[in-house]
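# Results of the structural survey
Spelled out from the first residue to the last, the chains are:
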Amino acid sequence: MILHSPEVKEKLESFGIPVLVDHSSYEAHPLGRTEWIRLYGVLTGKEKEAEAAFAKQEAALQRVTEEGSDAENAGGSVKTEQTAQAEKPSAAFFYITNQGSVNVRRSSDYIPKMIELAGGRYIFGHLGDDGKRSSTVNMQMEEFYAAAKESDYLIYNSTIDGEIQLNFGAFWQKRRFSRNFKAVQAGNVWCTTKNLYQESMSVGAMLEDIHAIFSGSQEDGTYLYKLQS
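This structure is a prediction, so every number in the text was calculated from the model and none was measured. (Residues numbered from 1 in each chain as written. Predicted model: local features only at pLDDT ≥ 70, side-chain atom pairs only at ≥ 80, totals over all residues. Heavy atoms only, no water.)

### Details of the overall build of the chain
For the chain, the helix and strand inventory stands at 10 helices and seven strands. Looking at the chain as a whole, 39% of its 229 residues are labelled buried. A fraction of 66% describes how many contacts in the chain between residues 6 or more apart in sequence connect residues 24 or more apart. Accessible surface computed for the chain: about 13,000 Å², of which carbon and sulfur atoms make up 49%. (Helix = DSSP H or I, 4+ residues; strand = E, 2+ residues; numbered from the N terminus. Buried < 20%, exposed > 50% of the residue type's maximum accessible area, 1.4 Å probe, protein only. Contact = heavy atoms within 4.5 Å. Areas by Shrake-Rupley, 256 points an atom, 1.4 Å probe, with all protein chains shown as cover.)

And the structure:
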């Protein structure tokens, strides 16, 4: 966030203190964000440890994509890209602001990319990069409902206002949310843990969590937990 206050960087440099600005948050691919560990390995003389840490995240991605590929090929029939995409479970990743609008990720952001890599389809695929630095978009509840009501999964981003400890009824009532969502009726509403963004090497575990909920192989993961009805 230092670029929001460039005078801080300038003051540090005026004292002769070198400043390196970390741009990992601008990476569109999840692995691009974790690959910055290699730079810090070079800076600190820990290249071997950094390579091992990155390899662990890379291996998690490979496991998820290979499982997804095996599942797609299990049917034995050849599908068009459009058909295959339509058959993937759809997911909305969002949080509700204090003003009552819904904050969602742009489709060019790394979170939608993780959903895609995990075998799903981001429901707001039309929200491309408009040239702005912001990775999110605010929309009115009506617009969100129209796009996400048939989504197979809802993933609530708790990193802004804290984890949700309420049940379905209390959560929806508090936020004036509708029970008519397909995911709500099916019990497929999930919440992230609040430390998701603070752990830059969480990409592999998060990918596996998302893949697991799409495949129905677990209830709670490292960074995702299910909201109970």
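That shown, we press on.
### Re the packing of helix 6 (residues 110-117) against helix 10 (residues 203-215)
Remark: helix 6 packs on helix 10, axes separated minimally by 9 Å, with the N-to-C direction vectors making an angle of 50°. By the angle between their directions, the pair helix 6 and helix 10 is classed as oblique. As helix 6 packs across helix 10, the resulting crossing turns out to be right-handed. Contact with helix 6, carried on its side by Met 114, Ile 115 and Leu 117, involves Val 203, Met 206, Leu 207, Ile 210 and Phe 214 of helix 10 and no other residues of that element. By residue class, the composition of the contact of helix 6 with helix 10 is eight nonpolar, no polar and no charged. (Axes fitted to C-alpha atoms, helices over the stretch in contact; angles between N-to-C directions. Parallel < 35°, antiparallel > 145°, perpendicular 65-115°, else oblique. Left-handed = near helix turned anticlockwise from the far one by under 90°. Nonpolar A, V, L, I, M, F, W, Y, C, P; charged D, E, K, R; others polar.)

### So, the pairing of strand 1 (residues 90-96)
Counting buried residues in strand 1 gives seven out of seven residues, a clear majority hidden from the surface. The two faces of strand 1 match: Ser 90, Ala 92, Phe 94 and Ile 96 on one face and Ala 91, Phe 93 and Tyr 95 on the other face are all buried. Relative to strand 3 (residues 121-122), strand 1 runs parallel, the two being bridged by two bridges. Its bridge partner being in strand 3, Ser 90 is matched across the sheet by Arg 121. Both strand 1 and strand 2 (residues 102-105) contribute to a ladder of three bridges, which runs antiparallel. (Pairing = 2+ DSSP bridges.)

### So, the pattern of salt bridges
Inspection of the entire model under this criterion finds seven salt bridges. A salt bridge links Glu 51 to Arg 38; the nearest nitrogen and oxygen atoms lie 3.2 Å apart. Placement of Glu 51 in helix 4 (residues 47-73) and of Arg 38 in helix 3 (residues 36-44) is noted, with a sequence separation of 13 residues between them. With relative accessibility at 39%, the residue Glu 51 sits in the partly exposed group. (Salt bridge = Lys/Arg side-chain N within 4 Å of Asp/Glu carboxyl O.)

### Observations regarding a nonpolar patch on the surface
A cluster of nonpolar side chains, namely Val 8, Leu 12, Phe 15 and Ile 17, defines an oily patch on the protein surface of about 350 Å² accessible area. Within the secondary structure, Ile 17 sits in the loop between helix 1 (6-14) and helix 2 (30-34). A relative accessible area of 39% places Ile 17 in the partly exposed class. (Patch = residues over 30% accessible without salt bridge, like charges linked within 9 Å, V, L, I, M, F, W, Y side chains within 5 Å.)

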